[in-house]
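Summary of the model geometry
Residue strings, one per chain:
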Amino acid sequence: MTVLDARAEHPVRLILNGRERCASASPRRLLSDFLRHELGATGTHVGCEHGVCGACTVQIDGVAQRACLTLAVQVEGREVRTVEGLATDDTVLGDLQAAFKRHHALQCGFCTPGILMSCADWLARIAGRGVPDEAQVREMLSGHLCRCTGYTPIVAAVLDVALARAESSNA
Amino acid sequence: MKPAAFDYQRVETAGEAAAVLAQLGDEARILAGGQSLMTVLNMRLARPQRLVDISRSKALAGLRTDGDMLHVGAAVTQAMLEWRPGLAQELPLLALAFPHISHFQVRNRGTVAGSIAHADPSAELPLVLLALGGEVCLRSARGGRRVAAKDFFTGMLLTARAADELVEAVRFPLASAGQGHGFEEFAMRHGDFAICAVAAVADARRLRIAVGGVADRPVARDLPLLDGAALDDALNDFAWSLDVRDEPQASAALRRQLVRRLGRRAADQALTTRRPA
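A word on the overall build of chain A
- A count of helical and extended segments in chain A gives five helices and five strands.
- On C-alpha atoms alone, chain A measures out to a radius of gyration of 17 Å, which is about the 16 Å that the 2.2 N^0.38 rule sets for 171 residues.
- Overall size of chain A, expressed as C-alpha extent along the three principal axes, is 50 × 35 × 30 Å.
- When each of the 171 residues of chain A is scored for burial, the buried share is 44%.
- Taking the intrachain contacts of chain A between residues at least 6 apart in sequence as the baseline, contacts between residues at least 24 apart amount to 59%.

So, in structure tokens, the structure goes:
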């Protein structure tokens, strides 16, 4: 493939939450900044910018990963899903979001978008493998820092969704 | 924290990547998962002229058994290996180590070969490759070569890779009958860099103990089959043989004690999980 010049901006085409979008980015543009500043998807938050805090976690082709450790030019032609894509419409929360609300699994909400994108991927990937235990949920959540909740209500919300989904798939 | 400017090039094959490296040497950096490299770039600890992105290469995404080895191409993510059905039978030591390797979200993008190429002395994948006696496949415009793990890691973030070579694949020997495995780690937080990590492999003849996070590279030592006080003595000698320094987060004395204690736990686990030959 041709070399993308450092000093130029290059078009990046992607599917963002199911819709085709295109904007331009220089090679050094981080996906986290590209989403927020070029595409207006400000639900994805930026915390540490070195992969530790988890606030910028999005899904690329369904897989949860750090937007701050990904370049905008790397998502050319790929599907990116952010927290804005979780609810099916503007008035109805998804089951995971509803469980977070029910369990008070957020306070300031800064870390929440990243946590939701991780949990959504993980819960989909373990579907059909039985209900996870608390230790497994905590291992998955270890990649996110939350300074408000102490994690306990987050763990409860994730376990609640896992159980509900397992029961509905058995019904 | 934003990276300094660089040119970006996506490549499909090891040959294309090697051609760029032949031209630019260490002015070019290979971008695989980027979970170490992007951090380094964001902090501006490195300012390469060009990033060569291999992450979407199908040719480098091979994950397959090849004789008695598991071949892991340079674009294979840690999650692809972690979620591989049957991994606990093929490579029990890797299955034990995976929960300690950073976090779910980082393993989703980070590559197996990239962690080994980065050669952080506290990283688990270099430690496991060394403990199992694996090898690293290097490719340059001059040709290919394989380097044993024991010769690959040469110091803090340093390897036997030349500036014009890329790590094309890494190869782990599959577990054989009669082997047992143990893995223990201490870190400040779950998934954080290891203050000390120990991998143990036992068979009918010997016990191999490999230690990460302590010296400037992972270090392995083969011991005869010992137990009780004789095993503790051997682990104590091993701990004192390592070049370990005081650091703000852990003293040398703490790290030596962790080698003794985690070493004993990992050894016991390896000795008791040996499968009948």
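Past the structure itself, the notes keep going.
Quick word on the sheet that holds strand 14 (residues 219-224) of chain B
Residues and elements named next belong to chain B.
- Pairing is antiparallel across the open sheet formed by four strands, whose spatial order is 11-12-13-14. Only two strands of the sheet have a single neighbouring strand rather than two, namely strand 11 (180-187) and strand 14. Put simply, the sheet's adjacent strands are angled 15° from each other on average, direction ignored.
- By the bridge criterion, six bridges tie strand 13 (residues 206-212) to strand 14 in an arrangement that is antiparallel. Within strand 14, the position partnered with Leu-207 by the bridge is Leu-223.
- Sheet strands touched by helix 11 (residues 252-272): strand 11, strand 12 (194-202) and strand 13. Its angle to strand 12, the strand with the most contacts, is close to 30°.

Considerations on the interface of chain A and chain B
- Taken together, the contact pairs 29 residues of chain A with 28 residues of chain B.
- Secondary structure elements with two or more residues in the side of chain A that touches chain B: strand 4 (63-66), helix 3 (112-125) and helix 4 (134-141) of chain A.
- Considering only residue class, the side of chain A that touches chain B consists of 13 nonpolar, ten polar and six charged.

What about the environment of Pro-224 of chain B?
All names here are of chain B.
- With respect to the helices and strands, Pro-224 occurs in strand 14.
- For Pro-224, a count of 10 C-beta atoms within 10 Å puts it in the exposed group.
- The spacing of Pro-224 and Leu-207 is 17 residues in sequence and 5.9 Å in space, taken between C-alpha atoms.

Notes on helix 8 (residues 124-132) of chain B
Residues and elements named next belong to chain B.
- For helix 8, the buried fraction is high: nine of the nine residues fall into the buried class.
- Taken residue by residue, helix 8 has Glu-124, Leu-125, Pro-126, Leu-127, Val-128, Leu-129, Leu-130, Ala-131 and Leu-132 as its buried positions.
- Gly-133 occupies a position one or two residues after helix 8 and carries a positive phi of about 70°.

Concerning unusual backbone geometry
All names here are of chain B.
- Although it is not a glycine, Ser-102 adopts a positive phi angle of roughly 45°.
- Position of Ser-102 among the secondary structure elements: in the loop between helix 5 (92-97) and helix 6 (104-107).
- Of note, the phi angle at Ala-119 is positive, near 60°, even though the residue is not glycine.
- Take Ala-119: it is sitting in the loop between helix 7 (112-118) and helix 8.

Considerations on the domain arrangement of chain B
All names here are of chain B.
- If you check the domain split of chain B, you get domain 1 (7-53), domain 2 (63-173) and domain 3 (181-272).
- Look at where the C-alpha atoms of domain 2 and domain 3 centre, and you get two points 20 Å apart.
- Tallying the contact residues gives 22 residues for domain 2 and 18 residues for domain 3.
- Only helix 5, helix 8 and strand 8 (153-155) provide two or more residues apiece to the side of domain 2 that touches domain 3.
- In terms of residues, the side of domain 2 that touches domain 3 owes the most to one element, helix 8, which gives seven residues.
- Its residues assigned to classes, the side of domain 2 that touches domain 3 comprises 14 nonpolar, six polar and two charged.

Rules and cut-offs
Residues numbered from 1 in each chain as written. Chains lettered and ligands numbered in written order. Predicted model: local features only at pLDDT ≥ 70, side-chain atom pairs only at ≥ 80, totals over all residues. Helix = DSSP H or I, 4+ residues; strand = E, 2+ residues; numbered from the N terminus. Rg over C-alpha atoms; globule rule 2.2 N^0.38 Å. Buried ≥ 20, exposed ≤ 12 C-beta atoms within 10 Å, placed from the backbone. Contact = placed C-beta atoms within 7 Å. Pairing = 2+ DSSP bridges. Axes fitted to C-alpha atoms, helices over the stretch in contact; angles between N-to-C directions. Nonpolar A, V, L, I, M, F, W, Y, C, P; charged D, E, K, R; others polar. Domains from an automatic or database assignment.

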